[in-house]
Amino acid sequence: MTTSTDPQRMERIVSLCKRRGFIFQSSEIYGGLNGCWDYGPLGVELKRNVKDYWWRVMVRERDDVVGMDGAILTHRAVLKASGHEDTFSDPMVDCRTCKTRLRADQLPEKNGVKQCPNCGGKDLTEARPFNLMFSTQMGASADENSLAYLRPETAQSIFVQFKNVLDTSRKKLPFGIAQIGKAFRNEINPRNFIFRSREFEQMELEYFCRPEQGMERLEYWKEERLKFYENIGIQRDKLHVLTVPDADRAFYSKGTYDIEYEFPFGLQELEGVAYRTDYDLKQHQEASGKSLDYFDEETKQRFIPHVVEPSAGVDRTVLALLCNAYDEETVTDEKGKSETRIVMRFHPRVAPIKVAVFPLLKNNEQLVARAREIQGALRPHLNVFYDETGAIGRRYRRQDEAGTPFGITVDFETLGEKDAALRDTVTLRHRDSMQQERVEISNLVENLLAKTR
Ligand code: GAP
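Residues numbered from 1 in each chain as written. Predicted model: local features only at pLDDT ≥ 70, side-chain atom pairs only at ≥ 80, totals over all residues. Heavy atoms only, no water.

**Section: the overall build of the protein**
Here's step 1: If you tally the helices and strands in the protein, you get 12 helices and 26 strands.
Here's step 2: Overall, the protein is about 80 × 65 × 50 Å in size when its C-alpha atoms are taken along their principal axes.
Here's step 3: With 453 residues in all, the protein has 51% of them scored as buried.
Here's step 4: Contacts in the protein between residues far apart in sequence, at least 24 positions, make up 65% of those at least 6 positions apart.
Here's step 5: Just so you have it, the protein exposes about 22,100 Å², and 47% of that area is on carbon and sulfur atoms. (Helix = DSSP H or I, 4+ residues; strand = E, 2+ residues; numbered from the N terminus. Buried < 20%, exposed > 50% of the residue type's maximum accessible area, 1.4 Å probe, protein only. Contact = heavy atoms within 4.5 Å. Areas by Shrake-Rupley, 256 points an atom, 1.4 Å probe, with all protein chains shown as cover.)

Structure follows, in structure tokens:
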């Protein structure tokens, strides 16, 4: 499946992210740190909502999954046993003309000759492997023995703690261990905004099962993960499942699917769902000399469990949500003037702000007091934003750009000044349709929680 690309759309999304405080270049005032990004006030809420929903459906709402949170600094032996120290690399070439380092497998070609995308030069070095792990020194002495790594994936600490989690949680196969956390890769070419960065977050589940259950669980998790994306507002027709061909799969994997999304820069991987067999536990058992097997009480057999792994990127999911939500439409105001409305159509479940509360006028004490009271009542339950500055239309537009699905306006009807029957009601504005309805203040919490959970 191929898709068209739209660089201008991507530029508009990046620009909105900066303008509205979703995402900033890291260390921007010092010229930026390539491949690193900082999430601003709206971005951090969006990202948190993605992680919270993942944790809710993958851990809390299931009997067969428990969570953990491993250290980022990782013992060298772990990543030696997993194969990362020797083989976690990308092929790299140098351009002798402009000295840029490039991924050998992503070079553009002209008339069959590979070129530097930076200067067009054809004088490139031979490809050589470049290990993607960040290393560091632990403790005061900087020698071979003090070498440690920043983890390149969250998965390995799950494998290494398999026995401890099994013994303490007393789970029986099949069961999973889930983790959300930072991972680090010294990508040669970080690109496409937060799509490929050097510091990013993963949401990973290692689902342990009997060998004969592996292929069936692979299918199960692929379907579960597709549902997850649909439940956060990404339509099924924007997702694509790639069956990774035998030649491209890790040698130990018996089956891998890539869940891809139609980004403005093309169809790209959001998540991998891989059947990793018993490779990881076996490697760690061999290297550590500690048993990582499972004793089946019923059959009285001992064996190393097999693993199915759905591994998603938090930042890539956030980027897919941003791309999916961004919309521009022409609207006509009450004076007949047409303008472009930029609106982030986030699913209410992930929207950074769930509801904005506006007093119609900021210099009317009663309206302000009532609006503050509503804000206070909603605050313990969901993320509320209070705004009293500017014309109401402008306030709505600001929230449209932030992707806030609901707006509450406290007006003179709320105070019962125009019609006694409307006392203690407010207008509830819906971001997507811009329709407004009159609702009772007493039902607001229940009403909004039902729509945003
Ligand atoms: N434990 C398996 C694993 O780490 P992976 O395909 O290398 O597999 C899983 O990574 C997911 O992590 C990817 O599908 C992607 O969403 C995310 N990811 C990987 N590298 C990334 C990077 N440099 N920047 C942002 N996200 C990345």
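Don't stop here, the text continues.
**Re the site of the ligand**
Here's step 1: For the ligand, the set of nearby residues contains 20 residues, the closest of which are E153, R185, E204, E269 and L270.
Here's step 2: R185 has a polar side-chain atom sitting 2.8 Å from an oxygen atom of the ligand.
Here's step 3: Protein chains bury 89% of the 560 Å² of accessible surface belonging to the ligand in isolation.
Here's step 4: Contributing elements (two or more residues each) for the shell around the ligand: β13 (199–209), β16 (266–277) and β19 (306–313).
Here's step 5: Looking at side-chain class alone, the shell around the ligand contains five nonpolar, five polar and 10 charged residues. (Near = heavy atom within 4 Å. Polar contact = N/O pair within 3.5 Å; in protein donor to acceptor, adjacent residues only side chain to side chain. Nonpolar A, V, L, I, M, F, W, Y, C, P; charged D, E, K, R; others polar.)

**A look at the pairing of strand β22 (residues 355–359)**
Here's step 1: Burial within β22 is extensive, with five of its five residues counted as buried.
Here's step 2: Here β22 runs beside strand β23 (residues 384–386); their pairing, made up of three bridges, is parallel. Among the inter-strand pairings, V357 is bridged to a residue of β23, identified as Y386.
Here's step 3: For the crossover that starts at β22, traverses helix α10 (residues 365–378) and ends in the parallel β23, the hand is right-handed.
Here's step 4: As paired elements, β22 and strand β24 (residues 406–410) share five bridges and run parallel to each other. Within β24, the residue paired with V357 across the bridge is I408. (Pairing = 2+ DSSP bridges. Right-handed = clockwise from strand over helix to strand, strands pointing away.)

**Describing the sheet that holds strand β6 (residues 101–103)**
Here's step 1: Sheet architecture is open: three strands sit in the order β6-β5-β9, paired in antiparallel fashion. Among the strands making up the open sheet, the edge pair consists of β6 and β9 (128–131). Averaged over all adjacent pairs, the angle separating strand axes in this sheet is 50°, with direction ignored.
Here's step 2: Bridge count between strand β5 (residues 89–94) and β9: four bridges; the pairing is antiparallel. Across the sheet, P91 pairs through a bridge with P129, a residue of β9. (Axes fitted to C-alpha atoms, helices over the stretch in contact; angles between N-to-C directions.)

**Notes on the packing of helix α2 (residues 41–60) against helix α9 (residues 314–325)**
A packed helix pair is summarised by two numbers, namely the angle formed by the two axes and the spacing between the axes.
Here's step 1: Closest axis-to-axis distance for the α2/α9 pair is 10 Å, and the angle between their directions is 115°. Taken as axis vectors, α2 and α9 run roughly perpendicular relative to one another. The way α2 lies across α9 gives a crossing that is right-handed. Contact with α2, carried on its side by L46, K47, V50 and K51, involves V314, D315, T317, V318, L321 and L322 of α9 and no other residues of that element. (Parallel < 35°, antiparallel > 145°, perpendicular 65-115°, else oblique. Left-handed = near helix turned anticlockwise from the far one by under 90°.)

**Brief notes about the environment of I408**
Here's step 1: Position of I408 among the secondary structure elements: in strand β24.
Here's step 2: On the basis of relative accessible area, I408 is assigned to the buried category, the value being 0%.
Here's step 3: Along the chain, I408 and A356 lie 52 residues apart, while their C-alpha atoms are 6.1 Å from each other.
Here's step 4: Sequence-distant contacts of I408, defined by excluding residues within four places in its chain, comprise V355, A356, V357, F358, I374, L378, V426, T427, L428, L444 and L448.

**Some thoughts on the packing of aromatic side chains**
Here's step 1: Per the stated rule, a full pass over the model turns up 20 aromatic pairs.
Here's step 2: Their ring planes at 40° and their centres at 6.3 Å tell us that W54 and W55 sit as a pair that is tilted.
Here's step 3: Owing to a relative accessible area of 0%, W54 belongs among the buried residues under this scheme.
Here's step 4: An angle of 20° between the planes, with centres 6.2 Å apart, marks the rings of F162 and F175 as stacked. Of this pair, F162 sits in helix α6 (residues 162–169) while F175 sits in strand β12 (residues 175–184), and the two are 13 residues apart along the sequence. Residue F162 shares its accessibility class with F175, and that shared class is buried.
Here's step 5: Taken together, the ring pairs connect F159, F162, F175 and F208 into an aromatic cluster.
Here's step 6: Taking NZ or CZ as reference, R316 lies 3.8 Å from the ring centre of F195, over its face.
Here's step 7: The ring of Y386 carries R372 above its face, with NZ or CZ at 3.6 Å from the centroid. (Phe/Tyr/Trp six-rings, centres within 6.5 Å; stacked < 30°, edge-to-face > 60°. Lys NZ or Arg CZ within 6 Å of the ring centre and 35° of its normal.)

**Comments concerning the sheet that holds strand β10 (residues 135–137)**
Here's step 1: Ordered in space as β4-β11-β10, the three strands form an open sheet in which the pairing is antiparallel. Each edge of the open sheet carries a strand with a single partner, namely β4 (73–75) and β10. The average angle at which neighbouring strand axes cross in this sheet is 45°, direction not considered.
Here's step 2: In this sheet, strand β11 (residues 147–150) lies alongside β4 in antiparallel orientation, the contact comprising three bridges. Within β11, the residue paired with T74 across the bridge is Y149.

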